[in-house]
Amino acid sequence: MIEIKSEMIEEIKHIIINCREKIAYEINHTMLFAYWNVGKIIVNNEQKGNIKAEYGKKVIKELSKELTRILGSGFSV
């Protein structure tokens, strides 16, 4: 039977944990960027820069339906 040194296991574990953390950070950062830009598009195009569009709930509801149809789940109102 081959014995694996604990130092080697720890080094490999450290690399994998660090990479997982970097991946999670990048995903969160990228999704935040995407959602911020989606909000900006909604405000600029539908709300004409106002805090709230007069028909805002309807716009968001229809946008939610269409994005869900095209891209799948994750776009609830």
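Since the structure is predicted, the reported quantities are computational estimates derived from the model, not experimental observations.

Undergrad: Hey, could you run me through the overall build of the chain in this one?
TA: Helix and strand counts for the chain stand at two helices and zero strands. For the chain, with 77 residues in total, the buried portion stands at 8%. In the structure as shown, the chain presents an accessible area of about 7,300 Å², 63% of it carried by carbon and sulfur atoms.

Undergrad: What exactly am I supposed to notice about the pattern of salt bridges here?
TA: Oppositely charged side chains can pair when the atoms bearing their charge come close. All chains considered together, the criterion is met by three salt bridges. Residue R69 pairs with E66 through a salt bridge whose shortest N-O separation is 2.5 Å. Here R69 and its partner E66 are both found in helix 2 (residues 56-71), three residues apart, which amounts to about one turn of the helix.

Undergrad: Just checking my understanding: could you explain a nonpolar patch on the surface for this structure?
TA: Together, I2, I4, M8, I9, I12, I15 and I16 make up a nonpolar patch on the protein surface, roughly 690 Å² of accessible area in all. Mapped onto the fold, I9 is located in helix 1 (residues 6-45). Relative accessible area serves as the criterion here: at 44%, I9 is assigned to the partly exposed category.

Parameters and conventions
- Residues numbered from 1 in each chain as written.
- Predicted model: local features only at pLDDT ≥ 70, side-chain atom pairs only at ≥ 80, totals over all residues.
- Heavy atoms only, no water.
- Helix = DSSP H or I, 4+ residues; strand = E, 2+ residues; numbered from the N terminus.
- Buried < 20%, exposed > 50% of the residue type's maximum accessible area, 1.4 Å probe, protein only.
- Areas by Shrake-Rupley, 256 points an atom, 1.4 Å probe, with all protein chains shown as cover.
- Salt bridge = Lys/Arg side-chain N within 4 Å of Asp/Glu carboxyl O.
- Patch = residues over 30% accessible without salt bridge, like charges linked within 9 Å, V, L, I, M, F, W, Y side chains within 5 Å.

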